Amino acid sequence: LNQVKEAAQRSHVLYDRTGDQHYFMASALQKSIRGSDDNAALYWLGRMLKGGEDPTFIARRLVRCASEDIGLGDPTAMPLAVAAFQGCQLIGKPECDVLLAQATVHLARAPKSHEVYGGLLNVYQSIEEGELPPVPLHLRNSTSKITDKLGWGKGYTHDLSKVQSLTYLPEELQGVNFLKGQVMSQ
């Protein structure tokens, strides 16, 4: 048994694209980025690439990290991650490795923010708790004389100097701030 353990440790690159190692390393990569450890993130990226991982799988994870973990902390993170993903599609292996490395290090070094992700989770929680009031009449698009008579669109204006004075949430949700509400849970 000890010889088998030693052999497994000495194998060239321990990686299985469809099994546990695939998910373990993807998790390690994302958690290293979230934890701002650029060195570790680059290492896990290299392990995945040398193990034969599909670069577009990695790129999709980077896009998710850019949105979920960096968010508004660095607005350039999302376009960079998407560009790396598109670059992987355009040039493929092995040339796309540097694109992924650049995006990985950038994301790890970027300021982090869960504001939008947490806000979205708060919206989902509100919906799951059954808070589904109808769209306010002034926000409905009136498409006929009948809907005009029902008051759809009444009071809405396209005047940019006035739109900020309108309300956009249903009356039942006035005062709720999904973005600054409770701390996200998940």
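Residues numbered from 1 in each chain as written. Predicted model: local features only at pLDDT ≥ 70, side-chain atom pairs only at ≥ 80, totals over all residues. Heavy atoms only, no water.

**As for the overall build of the protein chain**
When helices and strands are tallied, the protein chain shows 8 helices and 0 strands. Secondary structure of the protein chain in N-to-C order comes out as α-α-α-α-α-α-α-α. A burial count over the protein chain gives 32% of its 186 residues as buried. Partitioning the intrachain contacts of the protein chain with sequence separation of at least 6 by distance along the chain shows that 66% fall at a separation of at least 24. (Helix = DSSP H or I, 4+ residues; strand = E, 2+ residues; numbered from the N terminus. Buried < 20%, exposed > 50% of the residue type's maximum accessible area, 1.4 Å probe, protein only. Contact = heavy atoms within 4.5 Å.)

**So, the pattern of salt bridges**
Within this structure, the stated rule accounts for 4 salt bridges. When the shortest N-O distance is used, the salt bridge between Glu 68 and Arg 34 registers 3.6 Å. In this pair, Glu 68 is assigned in helix 4 (residues 55–70) and Arg 34 in helix 2 (residues 20–34), connecting sequence segments 34 residues apart. Asp 38 serves as the salt-bridge partner of Arg 109, at 2.8 Å between the closest nitrogen and oxygen. (Salt bridge = Lys/Arg side-chain N within 4 Å of Asp/Glu carboxyl O.)

**Focus on the nonpolar core**
Membership of the largest hydrophobic core comes to 25 residues, with the highest contact counts inside it found for Leu 29, Ile 33, Met 48, Ile 58, Leu 62, Leu 100 and Leu 107. Contributing elements (two or more residues each) for this core: helix 2, helix 3 (38–50), helix 4, helix 5 (77–91) and helix 6 (97–109). (Core = buried A, V, L, I, M, F, W, Y, C linked by side-chain atoms within 4.5 Å.)

**Remarks on the packing of helix 3 against helix 6**
In contact at an axis separation of 9 Å, helix 3 and helix 6 are set at 150° when each is read in the N-to-C sense. Comparing their axes, helix 6 and helix 3 come out roughly antiparallel. Considering only the axes of helix 3 and helix 6, their crossing is right-handed. Along its contact with helix 3, which presents Asp 38, Ala 41, Leu 42, Leu 45 and Leu 49, the element helix 6 presents Asp 97, Leu 100, Ala 101, Thr 104, Val 105, Ala 108 and Arg 109. A class-by-class count of the residues in the contact of helix 3 with helix 6 yields 8 nonpolar, 1 polar and 3 charged. (Axes fitted to C-alpha atoms, helices over the stretch in contact; angles between N-to-C directions. Parallel < 35°, antiparallel > 145°, perpendicular 65-115°, else oblique. Left-handed = near helix turned anticlockwise from the far one by under 90°. Nonpolar A, V, L, I, M, F, W, Y, C, P; charged D, E, K, R; others polar.)

Distances and angles like these do not, on their own, reveal function.
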